[in-house]
Amino acid sequence: MKQFSYVTVAALFIYLNVHLAVAAASGPAAQPPQAAVASAHPAATAAGREILEAGGNAFDAAIAVAAALAVVEPYSSGIGGGGFFLLHRAADGSNTMVDAREKAPAAATHDMYLDERGEFIRDRSLNGPLAAGIPGTPAGLVYLADHYGRLALSESLAPAIKLATNGFVVKARYHRMAGFRQKAMAAYPATAAIFLGDDGRADLDEVITQPDLANTLRVLGKQGAAGFYAGEIGERLVAGVRDQGGIWTQQDLDDYAVVEREPIVINYRGIRIITAPPPSSGGVVMAEAFNILSQFDLAPMTAKTRRHVVIESMRRAYRDRAEYLGDPDHVDIPLTRLVSPAYAKTLAADLSTERATPSTDLRAIGPEKGEDTTHFSVLDSHGNRVAATLSVNYPFGAVFVPAGTGVLLNNEMDDFSARPMTPNAYGLVGVAANAIAPGKRPLSSMTPTFLETKDQIGILGTPGGSRIISMVMIGILDFASGNKPESWVSAKRYHHQYLPDEVQFERDGLTSDEQLDLKRRGHQLKENSRNYGNMHAILWDVAKQEVNAASDPRGEGAADVFDIARASQR
Ligand code: GLY
């Protein structure tokens, strides 16, 4: 695995200076020599390739990959969840984000996860149907097919339907995730029966079939959104949820709609970073952090000092996440200010290049983790791109499947700030901007991202809860240093999210010498017991006419680069 070494970082700044003058505003018009798909599961990558080879474009392939992941990686994402699809359309050079994030049902209330004494009941926001937001992924898939795809939705869903019908084989990752949520699933035997197999343990090499999910996908493919949000499936969803204490109504399903949002664009030393806007916090946090980094002449610094400065930029940017960010349809976010270089200058003013700033010394907020979630990247032979990060939130979401649907519901409601400054499952805090309200989308960290210079196009993202943003940042810094996707997805990971006031890092992510250096600067350190993240990335080097793709070595994913007849795609 790659160290974030002095040589790497030094190369970064030489590279940046060289490319500063040639960064393009809209990316190249050339076409890639090959297509590529990188996702968290070989069967999902194969589904994307199958659809591209059948004449679909990157958007059709994204439908196929997302639906296949819903089948084989139910702990990460699914049609009971939501997510963000970042799209680049080669024909007109446009970038957009399809926001298919879940929404709070209309009966949701500010204090719905607090007891009579005002204490937060975590179980309510994590397990069972009360934890579930109204799913957005089905509407997202329909929207992609209707507005961007070339094939019929039913055709793009076919590989996933086959996987759900014939089953898939349990591997180590599934087995581990199932073990993690086995206890919670015990309260919902119907869920356990689907996902834990005959003996309730999801044994290695066991085959998991999902006939109800296959049927729901089939109906979705035939009828579009009405096949999921209305009719028999819609009725079963609402009945199943309400039967177990949930609060969904048919009206909530009828009201669900995706929103196209303008991506955040960050210009960092010659790289154009196109990324997720609110209700993701990813773009704003990265804009603040990269704008802070731009205030420093990093080139003469040692690698250790640079790492410290990157951590301090994360601390400050995540502080603002907690205070200002939420669903832009419900709260006024001072977006222009937050992403402006002038604001970053004020944030950088008290950043010591030698000493950690205690989070409590930053302006107070008031008064008012992970491997779940999934990311995949697609590039077709015309240069259309998709970076999609999708989620059911915690592994296996709310561990609840409404009877007769096969749809595993999300527990994305836990991404709201259920009580001011009370950490959620990822230790993230927030205030009014991300409070629960009917019809509101919970703030997310999902950060699907494109990178553009004159010569290169990158596509990347990862799951990982609050750490998604810092992982994508580290991936971008590695791209900037001239490395290829294999290196971005392998780079050692560290993270600061303002509170708790500690530098988290993955197992073996920092050498003891690097740890000592950070401690000397006043940082608290916390080593994770495991590696984290599951990044899947593609690089199209336009100058060299070369496509590379890589899947995170920490996961079980697959990256595939292949020749494809351009004439068959649009
Ligand atoms: N559920 C993870 C996220 O949206 O950040």
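For the structure itself, look to the data block above.
Residues numbered from 1 in each chain as written. Predicted model: local features only at pLDDT ≥ 70, side-chain atom pairs only at ≥ 80, totals over all residues. Heavy atoms only, no water.

A. Inspection of the site of the ligand at higher detail. The ligand sits among R101, T373, S391, N393, E412, D415, S444, S445 and M446. At a separation of 2.8 Å, a nitrogen atom of the ligand approaches a polar side-chain atom of N393. Within the side chain of S444, an N or O atom sits 2.6 Å from an oxygen atom of the ligand. For the ligand, whose unbound accessible area comes to 200 Å², protein coverage reaches 98%. (Near = heavy atom within 4 Å. Polar contact = N/O pair within 3.5 Å; in protein donor to acceptor, adjacent residues only side chain to side chain. Areas by Shrake-Rupley, 256 points an atom, 1.4 Å probe, with all protein chains shown as cover.)

B. Examining helix 5 (residues 137-147) more closely. Counting buried positions over the eleven residues of helix 5 gives nine, a clear majority of the element. Taken residue by residue, helix 5 has T137, P138, A139, G140, L141, V142, Y143, L144 and A145 as its buried positions. (Buried < 20%, exposed > 50% of the residue type's maximum accessible area, 1.4 Å probe, protein only. Helix = DSSP H or I, 4+ residues; strand = E, 2+ residues; numbered from the N terminus.)

C. Examining the packing of aromatic side chains more closely. Applying the stated rule across the entire model yields twelve aromatic pairs. Seen from their ring centres, Y75 and F396 are 5.8 Å apart, and the 55° between their planes marks the pair as tilted. An aromatic cluster of three or more residues is present, and its members are Y75, F168, Y174, F195 and F396. Over the face of the ring belonging to Y494 we find R307, whose NZ or CZ atom lies 5.8 Å from the ring centre. (Phe/Tyr/Trp six-rings, centres within 6.5 Å; stacked < 30°, edge-to-face > 60°. Lys NZ or Arg CZ within 6 Å of the ring centre and 35° of its normal.)

D. Representation of the sheet that holds strand 12 (residues 456-460) in the model. What the six strands build is an open sheet, ordered 7-8-11-12-16-17; its pairing is antiparallel. Both outer strands of the open sheet, strand 7 (264-268) and strand 17 (546-551), are each paired with one neighbouring strand and no more. The average undirected angle you get between the axes of adjacent strands in this sheet is 15°. Lying on the sheet, helix 13 (residues 282-293) is in contact with strand 7, strand 8 (271-275) and strand 11 (449-452); it crosses strand 7 at an angle near 15°. (Pairing = 2+ DSSP bridges. Axes fitted to C-alpha atoms, helices over the stretch in contact; angles between N-to-C directions. Contact = heavy atoms within 4.5 Å.)

E. Fine view of empty space enclosed by the protein. Approximately 200 Å³ is the volume found for the largest cavity. If you trace the largest cavity, you find 26 residues lining it, with R321, D415, N424, L428 and L443 closest to the centre. Here the lining of the largest cavity is built from residues that sort into nine nonpolar, twelve polar and five charged. Considering only enclosed or pocket space, the second largest cavity measures out at about 60 Å³ in volume. What lines the second largest cavity is A70, P74, S77, G78, I79, G80, F195, Q210, L213, G406 and L408. (1 Å grid on protein atoms, 1.4 Å probe; cavity = no way out; pocket = protein on both sides within 12 Å on 5 of 7 lines; lining within 4 Å. Points joined across faces, edges and corners; volume = space filled by probe spheres on them. Nonpolar A, V, L, I, M, F, W, Y, C, P; charged D, E, K, R; others polar.)

F. Structural detail: the sheet that holds strand 14 (residues 503-505). The strand order 13-14-15 describes an open sheet built from three strands, whose pairing is mixed. Strands with a single pairing partner mark the edges of an open sheet, and in this sheet they are strand 13 (494-495) and strand 15 (525-527). Pairing analysis gives two bridges linking strand 13 to strand 14, with the strands arranged antiparallel. Note that in strand 14 the partner of H495 across the bridge is Q504. Its contacts with the sheet put helix 19 (residues 512-520) on strand 14 and strand 15, and the angle it makes with strand 15 is roughly 150°.

G. Region of the structure containing unusual backbone geometry. Between P278 and the following residue, P279, the backbone shows a cis peptide bond with an omega angle of 15°. Structurally, the position occupied by P279 is in the loop between strand 8 and helix 13. Residue P500 is reached from L499 by a cis peptide bond, and omega for that bond is -5°. With respect to the secondary-structure elements, P500 resides in the loop between strand 13 and strand 14. Phi at D205 is positive, roughly 75°, even though this residue is not glycine. Examined against the element boundaries, D205 turns out to sit in the loop between helix 8 (189-195) and strand 5 (207-208). Here D205 falls in the exposed class, since its relative accessible area comes to 54%. At D508, a residue that is not glycine, the phi angle is positive and equals roughly 65°. Mapped onto the elements, D508 comes out in the loop between strand 14 and helix 19. The exposed category is assigned to D508, whose relative accessible area is 51%.

H. The arrangement of the nonpolar core in detail. Among the nonpolar cores identified, the biggest contains 85 residues, and V71, F85, L157, Y174, F376, V386 and F396 are the most heavily contacted of them. Here this core gets 14 residues from one element, more than from any other, and that element is helix 3 (residues 58-72). If you look at the next biggest cluster of nonpolar residues, it comprises 81 residues, including M97, Y343, L451 and I474. (Core = buried A, V, L, I, M, F, W, Y, C linked by side-chain atoms within 4.5 Å.)

I. Seen up close, the pairing of strand 9 (residues 374-379). Among the six residues of strand 9, six are classified as buried, and the element is accordingly described as predominantly covered. Here strand 9 shows a buried face lined by T374, F376 and V378 and a second buried face lined by H375, S377 and L379. As defined by bridge partners, strand 1 (residues 35-39) adjoins strand 9 across three bridges and the pair is classed as antiparallel. Residue pairing across strands places A36 opposite L379, the latter belonging to strand 9. Bridging between strand 9 and strand 10 (residues 385-391) involves six bridges; their strand directions are antiparallel. The residue bridging H375 from the neighbouring strand is T389, located in strand 10. Hairpin connection from strand 9 to strand 10: five residues lie between these consecutive antiparallel strands, with G383 at a positive phi of about 95°.

J. Representation of the environment of S445 in the model. One can find S445 in the loop between strand 10 and strand 11. In this structure the C-alpha to C-alpha distance between S445 and Y394, which are 51 residues apart in sequence, comes to 13 Å. Residues contacting S445, with those up to four places away along its chain left out, are S280, S281, G282, R321, L428, G465, S466, I468 and I469. Among the polar contacts listed, one links the side chain of S445 to the side chain of R321, at a separation of 2.9 Å.

K. Representation of the environment of S377 within the structure. Of note, S377 is situated in strand 9. The sequence separation of S377 and I538 amounts to 161 residues, and the corresponding C-alpha distance is 6.6 Å. Filtering out sequence-adjacent residues up to four positions away, S377 remains in contact with A36, V37, A38, V386, I459, L460, H536, A537 and I538. Among the polar contacts listed, one links the side chain of S377 to the side chain of H375, at a separation of 3.0 Å.

L. Expanded view of the pattern of salt bridges. Enumeration over the complete set of coordinates arrives at 33 salt bridges. In this structure, D517 engages R521 in a salt bridge whose closest nitrogen and oxygen atoms are separated by 2.9 Å. Its relative accessible area of 12% is what places D517 among the buried residues. Judged by relative accessible area, which is 6%, R521 ranks as buried. What emerges from the salt-bridge pattern is a single network uniting E312, R315, R316, D350 and D501. (Salt bridge = Lys/Arg side-chain N within 4 Å of Asp/Glu carboxyl O.)

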